[in-house]
Structures are given as structure tokens and as C-alpha cells.
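Residue-level listing of the chains:
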Amino acid sequence: MCEGVAYVVDGGERKVMEEVMSLQARDGVVTLVNEDGETKIVEGVREIRVNLVTHEVRLLLG
């Protein structure tokens, strides 16, 4: 499988979820779901950067 790791970037950078299987974005709100079915909601997202080679998702707040 090709799970990813999600980070929130706001000045610094912090990991918010590992083993991310899917994400949904709407109106500045991103919902992340990992392989165990756990969800994490991140609000105030202005940009999403996905690196498919390194399996990383960066959520830029602002």
C-alpha cells in the first residue's frame, strides 16, 4: 500500500496523522482518514501539497 503522512504547516511543521489513506477537502476544511478508519479534521487550510514520491501531505494553514 501507499499510505502517506500528513503534516500541518503554520510557521513550523507538525505531524498530524500517519498511514493516511484518503483525504477530502472542502471550503478550507480537510478530513484525513487513516488505514484504521480514524479521522482527523483540519480547519483553515489554504493550500494542500502532496508529494507522491515521499508519500507526504502538507496542509498549509492561513
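Residues numbered from 1 in each chain as written. Predicted model: local features only at pLDDT ≥ 70, side-chain atom pairs only at ≥ 80, totals over all residues. Heavy atoms only, no water.

Our next topic: the sheet that holds strand β4 (residues 39-43). Note: strands within a sheet are paired through backbone hydrogen bonds, in either parallel or antiparallel orientation. Across the sheet, which stays open at both edges, the six strands sit in the order β4-β3-β2-β1-β6-β5 with mixed pairing between neighbours. In the strand order of this sheet, the two ends are held by β4 and β5 (45-51), each with one partner. Each strand of the sheet is rotated relative to its neighbour by a mean of 40°, with strand direction disregarded. With six bridges joining them, strand β1 (residues 4-10) and strand β2 (residues 12-26) adopt antiparallel strand pairing. The partner of V9 across the bridge, within β2, is E13. (Pairing = 2+ DSSP bridges. Helix = DSSP H or I, 4+ residues; strand = E, 2+ residues; numbered from the N terminus. Axes fitted to C-alpha atoms, helices over the stretch in contact; angles between N-to-C directions.)

One pass over the full model with this rule turns up five salt bridges. We note a salt bridge from R58 to E13, for which the minimum N-O separation is 2.8 Å. One end of the pair, R58, is in strand β6 (residues 56-61); the other, E13, is in strand β2, with 45 residues separating them in the sequence. Its salt-bridge partner being E18, residue K15 comes within 2.8 Å of it at the nearest N-O pair. Here K15 falls in the partly exposed class, since its relative accessible area comes to 46%. Three or more residues joined by partner-sharing salt bridges are found here, namely E13, E56 and R58. (Salt bridge = Lys/Arg side-chain N within 4 Å of Asp/Glu carboxyl O. Buried < 20%, exposed > 50% of the residue type's maximum accessible area, 1.4 Å probe, protein only.)

Read these as spatial facts, not as claims about activity.
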